[in-house]
Amino acid sequence: MCGIVGYIGTDLAFPFVLKGLKRLEYRGYDSSGMAFLNKNQIDITKSVGKISQLEDLMLSKTHTSKIGIGHTRWATHGEPSDRNAHPFYSNSKKLAIIHNGIIENYAIIKKELQNKGFQFESDTDTEVLINFIENIQQENQVSLEKSLRIALQKIRGAYCILIISVDHPDTIFAARKGSPLVIGIGNNTHYIASDASPIVEFTKEVIYVNDYQIAIIKSDELILKNLGNETITPQITKLDLEITSIDKGIYDDFMLKEIEEQPFTVFDCLRGRLDFKNCNIKLSGVEEFEQQFKQTQKITIIACGTSWHAGIYGKYIIETFCRIPVEVDYASEYRYRNPIIKKGDILIPISQSGETADTLTAIEAAKKDGALIFGIINVAGSSIARICHAGIYTHSGVEIGVASTKAYTGQLTALVLFTLKLALIKESISKQQILEVIDHLQILPTQIQKIIDQKDQLKSMAEKIYAAPNMLYLGRGFNFPTALEGALKMKEVTYIHAEGYPAAEMKHGPIALVNENLPVVFIAPKDNYLEKLYSNIQEINARKGKIIIIANEQDTNALQYTNEVFYIPNSHEILNPILSIIPLQLLSYFVGKLKHLDVDKPRNLAKSVTVE
Ligand code: G6P
């Protein structure tokens, strides 16, 4: 959600800023802009639309500056337009700012500034912030650094900001609270970005700036301070990220690349964690807090979007295997509804990015109340990963397609490992039952590959449904979350209105939508619910819905109702959802392509939602 980049060093700033924005485009793509310091003035260029439109404008210009900032926007305050795109000048044009986040009390500050004669060209909170800083500087005759500190103490909300100034031609000022900020250390050069993807090509040494910190960045010097003006020693982290993982390679789209990576990413999540011989699951994060896990009476899972669907799956399997009550909450609801959390309770945040603002804030509240925070996170070193007591990394690699695919199967896999480990600690199921799951887990990557190898069949299915305005996804039990996630994928990538429902519950509403034009996808692998699910299939069949069934191999029953059956390999019933979501991801992908849509960057969506 909004991406920021900055460069200060020995080379021209423009190539890094442009490339960096392209790498971060998944964070927001309604408009973009850049600012460079050139001989006593700041030059700003911005454009509504994708980065390629800004690139066209920039390529006709001459570039000489070695200090610059760039921004890709996901609109919060003000419609997407050239006017509301970042960067913004201050009124004197001596300062320019880019910002990721929301300044909640901007309206009142704006009014005060207007009364003092400040003019605003945009509807944004960001333009208010830069003028607020300028006003403090002018009225108090203080340095830019001090006025920045004063302003940040007075604003409410979230921010990651970069500021350049005509009076400080050798410095970028940066600050963060709630929105991510990474600084790469090069040779007399600093690379700045919202995440490490623009930086990894140039250096593997980075500093993750923490909340309430200000960075004063020159080409050969980096000073970190807190808002109280105390200097902080920067902690250098080595990036564990390869440039190849953030390139499309042979693929046209990240979405397909990431779907097809799943045999490997699921394998990476399992790697070194399964011990069949000793019937054990190796998860050091759980082992460290074993007593607390043994005694806990309640688990709460919080997440947003696709990660929330993984959370529902987590509830089903943890309650089945470990016999502990599990609540699943949207992080955005949890943080405001005054939830009951007691010392010793376990809170499991699930997040791909590790930066989702609602999840982050919800964790902070539960942590204060004494909960053990055990994260299931993809991005190592992310803000959420850093505030958890312990957790499991999903090791899904960088996910760039805005609609989550491989991160979801990584989350499900991590939840299975966690559940088995907890069941071992609680002795809630037999070792034999655990070994059965481990046995099936080991062949999961090969089974996922088998599904991907049959993707042409899903392409043909897509041709039959892509013109539908609505769709319904139905599943039961462990595959109820698959129905939710399948529908979400279709909605996000193709703009078809799709609903996911527990199959029996559809009688209480969605059945009214059913006619011969409505594609209805049933997720129907062999499990305890299958017989019941077939009754629901009959109910849709009787009303002439266009039935698609995801079934296990050898389930010939499915063919009685439709020719549109996609077979997935047989597995353990709790692992079926890791297989059954793959054809649904591919179906959405192919429908999106048939509709000539940008499947990697669906309209209005952002990958990393760093505002509430
Ligand atoms: C956005 C993304 C989704 C993601 C959700 C939660 O909406 O587009 O793909 O599931 O945020 O993000 P997280 O990074 O916390 O899993």
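Residues numbered from 1 in each chain as written. Predicted model: local features only at pLDDT ≥ 70, side-chain atom pairs only at ≥ 80, totals over all residues. Heavy atoms only, no water.

A separate point is the domain arrangement of the chain. Each assigned domain of the chain is listed with its residue range as follows: domain 1 (3-245), domain 2 (250-442) and domain 3 (452-607). Each of domain 1 and domain 2 has a C-alpha centre, and these two points are 34 Å apart. Every contact between the two is made by 11 residues of domain 1 and, on the other side, 10 residues of domain 2. For the pair domain 1 and domain 2, the summed buried surface comes to about 880 Å²; carbon and sulfur atoms form 50% of the total. (Domains from an automatic or database assignment. Contact = heavy atoms within 4.5 Å. Buried area = accessible area lost by both parts, 1.4 Å probe.)

Let us now look at the state of the cysteines. Counted under the stated rule, the structure contains 0 disulfides. Note on Cys304: no disulfide assigned, nearest cysteine sulfur contributed by Cys388 at a separation of 14 Å. Using a relative accessible area of 23% as the deciding quantity, one classes Cys304 as partly exposed. In this model Cys322 remains outside any disulfide bridge; the closest cysteine sulfur is found in Cys279, 13 Å from its own. Classification of Cys322 as buried rests on a relative accessible area of 2%. (Disulfide = S-S within 2.5 Å. Buried < 20%, exposed > 50% of the residue type's maximum accessible area, 1.4 Å probe, protein only.)

Reading across the sheet, the 7 strands line up as S5-S6-S7-S8-S12-S13-S14 and stay open at both edges, with antiparallel pairing between neighbours. Only two strands of the sheet have a single neighbouring strand rather than two, namely strand S5 (88-89) and strand S14 (231-232). Two elements, strand S7 (residues 157-165) and strand S8 (residues 168-177), share 6 bridges in a ladder whose sense is antiparallel. Within S8, the residue paired with Ile164 across the bridge is Ile172. (Pairing = 2+ DSSP bridges. Helix = DSSP H or I, 4+ residues; strand = E, 2+ residues; numbered from the N terminus.)

So, about the site of the ligand. Taken together, 13 residues lie around the ligand, and Ser307, Ser351, Gln352, Ser353 and Thr356 are the ones closest in. In this structure, Ser307 approaches the ligand through a side-chain N or O atom, which is 2.5 Å from an oxygen atom. At 3.0 Å, a backbone N or O of Ala606 approaches an oxygen atom of the ligand. For the ligand, whose unbound accessible area comes to 390 Å², protein coverage reaches 91%. If one sorts the elements of the shell around the ligand by residue count, helix H10 (residues 305-322) sits on top with 3 residues. Split by residue class, the shell around the ligand holds 4 nonpolar, 8 polar and 1 charged. (Near = heavy atom within 4 Å. Polar contact = N/O pair within 3.5 Å; in protein donor to acceptor, adjacent residues only side chain to side chain. Areas by Shrake-Rupley, 256 points an atom, 1.4 Å probe, with all protein chains shown as cover. Nonpolar A, V, L, I, M, F, W, Y, C, P; charged D, E, K, R; others polar.)

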